[in-house]
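Summary of structural features
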Amino acid sequence: MTATTDALDLSASEESSLLAGEPAPPTGKQVAVVGAGMAGMACAIRLALLGNGVVLYEARSRERMYETLPASASEHALFERLVAQGRIRCEYGRKLGVDLELADLHLWHDAIFLGVGLASSRVLALSGSDPAGLVDAGRRLAAVYALDDLLALPVPQRAIVIGASRGAVGMAARLKQLGAQDVTLALRHALTPDGREEEVARACFVRVRGWVAPLEVLRDERGAVGSVRFEQTRLLGDRVVDTGGFTEIAAHAVFKAVGRAAGAERDSLVRQQSREGDRVEVDGCFRTALPGIYAGGDCVAARLESTQARRHGLQAAQAIHADLQA
């Protein structure tokens, strides 16, 4: 899942144009933005305008966030309008390493942008290229794997694969081929209109369950994965909304298909800052070494001005959108 997007060199007018206008039709993708600073706010707004669903996680209260955020009045108004339209959903009082786990976010969303401070990135051990904070199958209820990893795993009797991408469909089909008795492909919405992915899934005897949003992984009496609880969704106008109904699907393992880390050359200045300040290392499009996870703002570079942090968020949003469409 690697796009060819290059880092943007934005003028002030170009930057303003990316933070204006009406949102595009929904893409069916959902992105977690962690941190409502200048980088996170700009990233959330741009992603929503591009048609992606956004869940914004912020450690502060809404009131405290607005007291300390040096965004313009027009930017605040656009953000609130996107929230009112359901394009952005906010969860305040949620802090990484306390009541928010990176592995869980990665499982339930198509991508993540980290606009957190340096302290949070240190808690999560995200500097450099060590992915240990993401996949720890011995400790996690559910894990995130690439398709090639499946041969090294014990085959579960029942499995749930979350996502509508080709990688997710391929993972579900591969699990059946490896001997899993019951595999469910769970989607927040329907599959693509042409139905090719659904045709592949059904040909491999994969159960396709659309219009469900994952809420939590439930354990059995031994502490192992027992089932996943979903909230049922539906289409309201051009938005996917919750219906208030719930369902559980039995499973012994839960998976989400991801791509491999981008192989692009790392930006030398960011690399140097990562070594000197133990910051999150990213490439020219703000991709971290962990597939599907992006970062910008203070956790990437020291002493950023607000305009620079905003530019990080905009650049990352463009890259995330392009990667999710690839």
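Residues numbered from 1 in each chain as written. Predicted model: local features only at pLDDT ≥ 70, side-chain atom pairs only at ≥ 80, totals over all residues. Heavy atoms only, no water.

1. Brief notes about the layout of surface pockets
- Estimates place the volume of the largest pocket at around 1200 Å³.
- If you trace the largest pocket, you find 43 residues lining it, with Gln30, Val55, Arg89, His109 and Pro214 closest to the centre.
- Within the residue set of the lining of the largest pocket, elements represented by two or more residues are β2 (53-58), β3 (88-92), α5 (102-108), β8 (212-219), β9 (225-236) and β10 (239-250).
- With six residues, the single largest contributor to the lining of the largest pocket is β8.
- Here the residues of the lining of the largest pocket sort into 16 nonpolar, 10 polar and 17 charged.
- For the lining of the largest pocket, the two domains that each supply at least three residues are domain 1 (12-128 + 269-325) and domain 2 (144-256). (1 Å grid on protein atoms, 1.4 Å probe; cavity = no way out; pocket = protein on both sides within 12 Å on 5 of 7 lines; lining within 4 Å. Points joined across faces, edges and corners; volume = space filled by probe spheres on them. Helix = DSSP H or I, 4+ residues; strand = E, 2+ residues; numbered from the N terminus. Nonpolar A, V, L, I, M, F, W, Y, C, P; charged D, E, K, R; others polar. Domains from an automatic or database assignment.)

2. What about the side chain of aspartate 323?
- With respect to the secondary-structure elements, aspartate 323 resides in helix α10 (residues 306-325).
- You can call aspartate 323 buried: its relative accessible area is 1%.
- For aspartate 323, the side chain forms a polar contact with the side chain of arginine 287, separated by 2.9 Å. (Buried < 20%, exposed > 50% of the residue type's maximum accessible area, 1.4 Å probe, protein only. Polar contact = N/O pair within 3.5 Å; in protein donor to acceptor, adjacent residues only side chain to side chain.)

3. Overview of helix α7 (residues 166-178)
- Taking 1.5 Å per residue as the helical rise, α7 with its 13 residues ought to reach 18 Å, and the 18 Å between its terminal C-alpha atoms agrees with that figure.
- Of the residues making up α7, those classed as buried are Ala168, Val169, Met171, Ala172, Ala173, Leu175 and Lys176.
- Just downstream of α7 lies glycine 179, where phi reads positive at about 120°. (Expected span 1.5 Å × (residues − 1).)

4. Details of the confidence of the model for the protein
- Averaged over all residues, the pLDDT of the protein equals 77, while 76% of them reach at least 70.
- The low-confidence segment residues 122-142, where pLDDT is below 50, has 40 contacts with residues more than four positions distant or belonging to other chains.
- Across residues 260-277, confidence stays below pLDDT 50; counting only partners more than four residues off in sequence or on other chains, it has 35 contacts. (pLDDT = per-residue confidence, 0-100. Contact = heavy atoms within 4.5 Å.)

5. Examining the UniProt feature "transmembrane region" (unreviewed entry) in the protein
- When the UniProt feature table is mapped onto this chain, "transmembrane region" (unreviewed entry) is found at residues 31-57.
- A helix fraction of 44% and a strand fraction of 33% characterise residues 31-57, whose end C-alpha atoms lie 11 Å from each other. (UniProt positions renumbered as here; feature names shortened; annotations may be inferred.)

6. Some details on the nonpolar core
- Core analysis: the largest hydrophobic core is formed by 54 residues, its most contacted members being Val34, Leu114 and Ile320.
- With 10 residues, the single largest contributor to this core is helix α2 (residues 38-49).
- If you look at the next biggest cluster of nonpolar residues, it comprises 19 residues, including Ala180, Val206, Val208 and Phe255. (Core = buried A, V, L, I, M, F, W, Y, C linked by side-chain atoms within 4.5 Å.)

7. Regarding empty space enclosed by the protein
- Tallied over the entire structure, the rule returns four cavities of 30 Å³ or more.
- Volume-wise, the largest cavity comes out at about 120 Å³.
- Along its surface, the largest cavity is lined by 16 residues, and Asp110, Ile162, Gly163, Ala164 and Arg188 are the ones closest to its centre.
- Within the residue set of the lining of the largest cavity, elements represented by two or more residues are α5 and β8.
- Considering only residue class, the lining of the largest cavity consists of eight nonpolar, four polar and four charged.

8. Quick notes on the packing of α2 against α10
- Look at α2 against α10: their axes get within 7 Å of each other, and the N-to-C directions meet at 35°. In the crossing of α2 with α10, the sense of the turn from one axis to the other is right-handed. Touching Met38, Ala39, Ala42, Cys43, Arg46 and Leu47 of α2 are Ser306, Ala309, Arg310, Gly313, Leu314, Ala317, Gln318, Ile320 and His321, all from α10.
- In terms of residue class, the contact of α2 with α10 is built from nine nonpolar, four polar and two charged. (Axes fitted to C-alpha atoms, helices over the stretch in contact; angles between N-to-C directions. Left-handed = near helix turned anticlockwise from the far one by under 90°.)

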